[in-house]
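Coordinates in review
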Amino acid sequence: QVQLVESGGGLVQAGGSLRLSCKASGRTLSNYIMGWFRHAPGKEREFVAAIRRSGVISRYSDSVKGRFILSRDNAKSTADLQMNILKPEDTAVYYCAANSGNVLGSDYGLYDDWGQGTQVTVSS
């Protein structure tokens, strides 16, 4: 099991940027596909982005493609989500998650371990 801690959330105006960081401990981060999900009140948990172990290949939801960038540094055990051109509809609790399998998927069932989440609020 890998322990995950998110940081970097906060309040930002529409059009602004935030950088979320996910710090892993307990296991080597390079053993996992890393993903980010979000959960807004009254909505289902939503896939945001995922990145392969090497960091070369990633995928994004259509709602964030072109605005968010997911990167990882296995040596530092971090997986960071750079969020640009933020919109009010991006408001949610953001979670990072670790997937020990081989599918770069959007299904939250693929992910074994989860952080506690960090709140992102985008004001209009």
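Above this text you will find the structure in question.
The structure contained in this document is the topic of the report that follows. (Residues numbered from 1 in each chain as written. Predicted model: local features only at pLDDT ≥ 70, side-chain atom pairs only at ≥ 80, totals over all residues. Heavy atoms only, no water.)

A short note on the packing of aromatic side chains
Scanning the entire structure with this criterion turns up four aromatic pairs. Between the aromatic rings of Phe-37 and Tyr-111, the centroid separation amounts to 5.1 Å while the plane-to-plane angle is 80 degrees, which identifies the pairing as edge-to-face. Of this pair, Phe-37 sits in strand 4 (residues 33–39) while Tyr-111 sits in the loop between strand 9 (92–99) and strand 10 (113–114); the two residues are 74 residues apart in sequence, bridging distant segments of the chain. For Phe-37, a relative accessible area of 1% corresponds to the buried category. Judged by its relative accessible area of 5%, Tyr-111 falls in the buried class. Each residue in the set Phe-37, Phe-47, Tyr-111 and Trp-114 is aromatic and connected to the rest through ring pairs, giving one cluster. If you follow Arg-45 out to its NZ or CZ, it ends over the ring of Tyr-108, 3.9 Å from the centre. (Phe/Tyr/Trp six-rings, centres within 6.5 Å; stacked < 30°, edge-to-face > 60°. Helix = DSSP H or I, 4+ residues; strand = E, 2+ residues; numbered from the N terminus. Buried < 20%, exposed > 50% of the residue type's maximum accessible area, 1.4 Å probe, protein only. Lys NZ or Arg CZ within 6 Å of the ring centre and 35° of its normal.)

Here's the deal with the pairing of strand 9
Both faces of the sheet carry side chains from a regular strand, because those side chains alternate between them. Of all the eight residues making up strand 9, six are buried; the element is thus mostly covered by neighbouring parts of the structure. Inspection of the sheet shows strand 4 paired to strand 9 by seven bridges, in the antiparallel sense. The partner of Trp-36 across the bridge, within strand 9, is Cys-96. One ladder, built from three bridges, connects strand 9 with strand 11 (residues 118–123); its direction is antiparallel. In the strand pairing of strand 11, Val-93 is matched with Gln-119. (Pairing = 2+ DSSP bridges.)

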